[in-house]
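# Observations on chain architecture
Below are the chains, spelled out letter by letter.
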Amino acid sequence: MSSHSKILILDFGSQVTQLIARRVREAGVFSEVFPYDVSNEFVRDYGAAGIILSGGPNSVTEGDTPRAPQAVFELGVPVLGICYGMQTMAAQLGGKVENGKVREFGYAEVRARGHTALLNGISDFVTDEGHGMLKVWMSHGDKVNEMPPGFKLMASTESCPIAGMADEERRLYAVQFHPEVTHTQQGKAMISRFVHEICGCKSDWNMPDYIAEAMEAIRAQVGDDEVILGLSGGVDSSVAAALIHRAIGDQLTCVFVDHGLLRLDEGTMVMNMFGKNLGVKVIHVDATEQFMGHLAGVTDPEAKRKIIGREFVEVFQAQAGKLKSAKWLAQGTIYPDVIESAGKGKKTAHTIKSHHNVGGLPETLNLKLLEPLRELFKDEVRELGVALGLPHDMVYRHPFPGPGLGVRILGEVKKEYADLLRRADAIFIEELRAAKDEEGKSWYDKTSQAFTVFLPVKSVGVMGDGRTYEYVVALRAVQTQDFMTAHWAHLPHELLGRVSNRIINEVRGINRVVYDISGKPPATIEWE
């Protein structure tokens, strides 16, 4: 990405660090996330036009807690500290931080002060006294109680007198609130102001222009070699297939693996889309028995993911053996997978769940890895898909996990469970697509992800004159802009009732339907 202006984001372990990168990219500027403990040399050599220090769970006031590399403050490029990033900036440059007596979590109103380059002219409302106010999201216990030499006050609240500070001569800015989350109403404006006006970055990051750049990179990486790609029918692998096919044509062979954990009629749809419509070479492999056999008796979610990943590679090994000239395995890995699975920031990040398409391949496969989407966030992948000419409905289809229904069946995976779940899920999605709001928009389009979860418990029911003892499914529908935080979707009760009635009446073996009203956090979007 050397041709692009770029912002370096150092991660101190916040759950929302990825949002900072998304907001910067939405402003048309390339950005990447790295752990806070990169070396001074890395910071100096990266070529950043500006640096952002993220929030984090630690307390600056304790001894051995994270600090930014000193080069961050010596490089001469603008720096923006957010929450913990502000506190470590203060501590490292000669200010003081204390444990706050009053913790601030959630909505707050911040008074902007001093007309700094970052906040000048940005406000949500003006008080009767003429003070510009910002509606923001706070999440902190500690606070800066003495600014470093050279800094002036930029923002304050009643419980946090120093909610923002700036050393404009050195172009160092810091805020105690989180501009990256949607709850901070002017957050996008602040980040755009920082990257464009303060850092001087051009808006040169967009998906239509990226196609030529990505195709060139693929050709340079692959040369005349042949590529094999695992096509799942999901957005990521589909866009990867379309992009690689655009770049190298018949050098690409796709392998569509049916592991018995796909959605209803998925196989037919994938083969029609890619084989017939796009002219991509696709090999269809039905490996249901192989996957089900290895999953028998396994209940641990992480173990299931690893088995599915392992068998996925096994199937590829068999296919790659038949394609003697294939030298590369292409995968639809995207940037959040890379960040989440790699455990970036050894002391800060925890691997929440492993992704089967991240982390390289066993040497026995003898294939090199091609991941053309690994720098892109999900919404960028969708934009790229549309720019490549893929159908809008396919590109904006809800995300589907690599392990498929394997992580939507709680506990042991059985073919019987998968068959029940497939049919129940198809009913839910069909009704979401059919139901429209008052503006005529479907509830499928109004939700970011919706699916059904199979619960391996039975409950008593009554059908006709008889008692039943059958399985339970849970409906899950969320609304989110970034998949890092999510709200449960307030679906109309009539819609939920219709879905429940249809599932219970049409899918013999299920007699109870529940609706999941958990947000993320504390819950994840998927159940496993």
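Residues numbered from 1 in each chain as written. Predicted model: local features only at pLDDT ≥ 70, side-chain atom pairs only at ≥ 80, totals over all residues. Heavy atoms only, no water.

## A short note on unusual backbone geometry
Rules: Strands are runs of DSSP state E lasting at least two residues, helices are runs of H or I lasting at least four, and both sets are numbered from the N terminus onward. Each residue's exposure class comes from its accessible area (1.4 Å probe, protein chains only) as a fraction of the maximum for that residue type: buried when under 20%, exposed when over 50%, partly exposed otherwise.
Between Lys520 and the following residue, Pro521, the backbone shows a cis peptide bond with an omega angle of -10°. Within the secondary structure layout, Pro521 lies in the segment after strand S19 (510-515). With an omega of 10°, the peptide bond between Pro521 and Pro522 qualifies as cis. We note that Arg171 has phi near 60°; this positive angle belongs to a residue other than glycine. Within the secondary structure, Arg171 is located in the loop between strand S9 (164-167) and strand S10 (172-175). A residue is classified by how much of its surface remains accessible, and Arg171, at 32% relative accessible area, is partly exposed. In this structure, Asp265 takes a positive phi of about 60° despite not being glycine.

## What to know about the domain arrangement of the chain
Note the threshold: Domain delimitation follows an automatic or database domain assignment. Every residue pair with non-hydrogen atoms within 4.5 Å of one another is taken to be in contact. Buried area is understood as the total, over both parts, of accessible area removed when two parts are fitted together, assessed with a 1.4 Å probe. Residues adjacent in sequence count toward polar contacts only when both atoms are side-chain atoms; beyond that, a polar contact is any pair of N or O atoms within 3.5 Å, and within protein one must be able to donate a hydrogen and the other to accept it. Residue classes follow a fixed rule: Ala, Val, Leu, Ile, Met, Phe, Trp, Tyr, Cys and Pro count as nonpolar, while Asp, Glu, Lys and Arg count as charged, and any other residue, Gly among them, counts as polar.
With domains assigned, the chain is organised as domain 1 (6-198), domain 2 (207-396) and domain 3 (415-515). Relative placement of domain 2 and domain 3: their C-alpha centres are 28 Å apart. If you look at the interface, domain 2 gives seven residues, while domain 3 gives six residues. Buried surface at the junction of domain 2 and domain 3, summed over both partners, amounts to about 660 Å²; 61% is from carbon and sulfur atoms. Taken together, the connections running from domain 2 to domain 3 amount to two residue pairs in polar contact (both at pLDDT 80 or more). The residue makeup of the side of domain 2 that touches domain 3, split by class, is five nonpolar, one polar and one charged.

## Overview of the nonpolar core
Note the cut-off: Grouping buried Ala, Val, Leu, Ile, Met, Phe, Trp, Tyr and Cys residues that are joined through side-chain atoms within 4.5 Å yields what is termed a nonpolar core.
In terms of nonpolar packing, the biggest core is built from 94 residues, with Leu229, Leu373, Leu384, Leu432, Leu491 and Ile503 touching the most fellow members. In this structure, this core is formed jointly by two domains, domain 2 (207-396) and domain 3 (415-515), each of which donates at least three residues. With residues near it in sequence (within four places) discarded, Ile503 still touches Ala424, Ile427, Val473, Leu475, Ile510 and Val513. With 39 residues, the next largest nonpolar core counts Ile7, Ala155, Ala166 and Cys199 among its residues.

## Brief notes about the pairing of strand S12 (residues 252-258)
In the case of a regular strand, side chains alternate between the two sheet surfaces. So the rule is basically this: The pairing criterion is simple: DSSP has to find at least two bridges between the two strands. Look down the strands so they point away from you; if going from the first strand over the helix to the second traces a clockwise path, that crossover is right-handed.
Across the seven residues that make up S12, a large majority, seven, are buried. Neither face of S12 is left uncovered, since the one carrying Leu252, Cys254, Phe256 and Asp258 and the one carrying Thr253, Val255 and Val257 both have all their residues buried. The sheet contact formed by strand S11 (residues 226-230) and S12 spans four bridges and is parallel. What sits directly across from Gly230, in S12, is Val255. With helix H7 (residues 235-248) bridging S11 and its parallel neighbour S12, the resulting β-α-β unit is right-handed. Two strands pair when backbone bridges link them, and S12 and strand S13 (residues 281-286) are joined in this way by six bridges, in the parallel orientation. When the bridges of S13 are listed, Phe256 appears paired with His284.

## So, the packing of helix H9 (residues 288-295) against helix H10 (residues 301-322)
Worth spelling out the cut-off: As a rule, the C-alpha atoms of each element are fitted with a line to give its axis, helices using only the stretch in contact, and angles between N-to-C directions run from 0 to 180 degrees. Put simply, a crossing is left-handed when the front helix is turned counterclockwise from the back one by less than a right angle, and right-handed when it is turned clockwise.
Following both chains from N to C, one finds H9 and H10 inclined at 145°, their axes separated by 10 Å at the closest point. Of the two possible hands of crossing, H9 and H10 adopt the one that is right-handed. Judged by residue contacts, Gln290, Phe291, His294 and Leu295 of H9 engage Lys304, Ile307, Ile308, Arg310, Glu311, Phe312, Glu314 and Val315 from H10. Tallied by class, residues from the contact of H9 with H10 come to six nonpolar, two polar and four charged.

## Let's talk about the sheet that holds S13
Spatially, S13-S12-S11-S14-S15 is the arrangement adopted by the five strands of the open sheet, whose pairing is parallel. Strands with a single pairing partner mark the edges of an open sheet, and in this sheet they are S13 and strand S15 (368-370). When strand polarity is set aside, the average angle formed by the axes of neighbouring strands in this sheet is 30°.

## A few points about helix H6 (residues 207-222)
We count it as follows: A helix's residues, less one, multiplied by 1.5 Å, set its expected span.
Its 16 residues place the ends of H6 22 Å apart at the C-alpha level, agreeing with the 22 Å of an ideal helix rising 1.5 Å per residue. When we look at burial in H6, the residues that qualify are Met207, Tyr210, Ile211, Ala214, Met215, Ile218 and Val222. Of the surrounding secondary structure, the elements contacted by the buried residues of H6 are S11, H7, strand S14 (326-330), S15 and helix H12 (378-387). Residue Asn206 occupies the N-cap position of H6, its side-chain oxygen lying 3.0 Å from the main-chain nitrogen of Asp209. Residue Gly223 follows H6 closely and has a positive phi angle near 65°.

## Re the environment of Tyr84
Relative to the assigned elements, Tyr84 resides in helix H4 (residues 84-92). When the C-alpha atoms of Tyr84 and Ser14 are compared, they prove to be 8.7 Å apart, with 70 residues separating the residues in sequence. The residues contacting Tyr84, other than those within four sequence positions of it, are Phe12, Ser54, Gly55, Gly56, Asn58, Ser59, Val60, Thr65, Pro66 and Arg67. Here Pro66 takes part through its backbone oxygen, which lies 2.6 Å from a polar atom of the side chain of Tyr84.

## Details of the packing of aromatic side chains
Note the cut-off: Two rings from Phe, Tyr or Trp (for Trp, the six-membered ring) form a pair when their centres are within 6.5 Å of each other. A pair whose planes differ by under 30 degrees is stacked, one over 60 is edge-to-face, and the rest are tilted.
Here the structure, examined in full by the defined rule, presents 12 aromatic pairs. Relative to Tyr515, the ring of Trp488 has its centre 6.2 Å away and its plane inclined at 75°; by these criteria the two rings are edge-to-face. Of the two residues, Trp488 is situated in strand S18 (residues 487-488) and Tyr515 in strand S19; the sequence distance between them amounts to 27 residues. Take Trp488: its relative accessible area is 25%, and that puts it in the partly exposed class.

## Overview of the packing of H6 against H7
Put simply, the test is: Each angle receives one of four descriptions, namely roughly parallel if under 35 degrees, roughly antiparallel if over 145, roughly perpendicular if within 65 to 115, and oblique otherwise.
Relative to each other, H6 and H7 sit at 70°, their axes nearing to 9 Å. One way to sum up the angle between H6 and H7 is to call them roughly perpendicular. Here the hand of the crossing between H6 and H7 comes out right-handed. Of the residues in H7, those in contact with Ile211, Ala214, Met215, Ile218, Arg219 and Val222 of H6 are Leu243, Ile244, Arg246, Ala247 and Ile248. In the contact of H6 with H7, the residues fall into nine nonpolar, no polar and two charged.

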